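For reference, the chains in residue letters:
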Amino acid sequence: RDIKFSVVRYGNVMGSRGSVIPFFLKKRKDGVLPVTDERMTRFNITLQEGVDFVLRNLESMWGGELFIPKIQSYNILDLAKAIAPECKIEVIGIRAGEKLHEEMITETDALNTIEFDDYYVIVPFQKKWNTEEFLLSSNGSTKGHVCEYGFKYNSGTNTDFLTVKQIKELIQRELQY
């Protein structure tokens, strides 16, 4: 059969069940927002951006690769200020299994990662997969390059952070709050 499987990996979908945003919106009436750690960061993507990313990569997938968009991060305290600047922040500590930062590409993943203008692709580590050919193919609008050894992509070291104002505008536009 001619079946191909690829994966997209992206950050928190704004307003989804797994997002802290609906929780903060509900808790703001209490006057206190519980925050696990002030250093915490997360990647952010809207539902439409996530859908568009999936559809765009359906056209260029070979099968077996992981697609990761370059998206913005936010700091948990900036999110709290955007939602409820009048609320007190109560630091409650990290729960078991919770991470300070989301890591979408690890240093080990980087060995097989190609960077394009607005996304990354982790290609399979298989001899039958021709990374050079994939690099040269027209994958979107630009050609890519292999990431350097030691590269990693996580929400804490991301260079593109949302401001409090941007977070507030996104929440108002995307979630109508």
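For the rest of this paragraph, the subject is the layout of surface pockets. If you add up the space inside the largest pocket, you get close to 320 Å³. Taken together, 16 residues form the lining of the largest pocket, with Val20, Phe23, Thr36, Arg95 and Glu98 sitting closest to its centre. Elements with a minimum of two residues in the lining of the largest pocket: helix 1 (20-27) and strand 3 (32-35). Class assignment for the residues of the lining of the largest pocket results in nine nonpolar, four polar and three charged.

Take the environment of phenylalanine 161 next. As for its placement among the helices and strands, phenylalanine 161 is situated in the loop between strand 12 (153-154) and helix 6 (164-175). Residues phenylalanine 161 and isoleucine 71, spaced 90 residues apart in sequence, show a C-alpha to C-alpha distance of 8.8 Å. Excluding residues that lie within four positions of it along the chain, phenylalanine 161 makes contacts with Thr41, Ser73, Tyr74, Asn75, Ser155, Gly156 and Gln166.

Our focus in this paragraph is helix 2 (residues 47-60). Between the first and last C-alpha of helix 2 there are 21 Å, a value that for 14 residues agrees with the 20 Å anticipated at 1.5 Å per step. Gly50, Phe53, Asn57 and Ser60 are the residues of helix 2 that are buried. Along the axis of helix 2, the buried residues cluster in a sector spanning 90 degrees; they form a single face. In helix 2, the exposed positions angled more than 90 degrees off the buried face are occupied by Leu47 and Glu59.

Ordered by their spatial adjacency, three strands build an open sheet running 2-4-6, and the pairing between neighbours is mixed. Each edge of the sheet is formed by a strand with only one pairing partner; in this case those strands are strand 2 (12-13) and strand 6 (73-75). Looking at chain direction, strand 4 (residues 41-45) and strand 6 are connected through three bridges and run antiparallel. When the bridges of strand 6 are listed, arginine 42 appears paired with tyrosine 74.

The rules behind these values
Residues numbered from 1 in each chain as written. Predicted model: local features only at pLDDT ≥ 70, side-chain atom pairs only at ≥ 80, totals over all residues. Heavy atoms only, no water. 1 Å grid on protein atoms, 1.4 Å probe; cavity = no way out; pocket = protein on both sides within 12 Å on 5 of 7 lines; lining within 4 Å. Points joined across faces, edges and corners; volume = space filled by probe spheres on them. Helix = DSSP H or I, 4+ residues; strand = E, 2+ residues; numbered from the N terminus. Nonpolar A, V, L, I, M, F, W, Y, C, P; charged D, E, K, R; others polar. Contact = heavy atoms within 4.5 Å. Expected span 1.5 Å × (residues − 1). Buried < 20%, exposed > 50% of the residue type's maximum accessible area, 1.4 Å probe, protein only. Arc of directions from axis to C-beta. Pairing = 2+ DSSP bridges.

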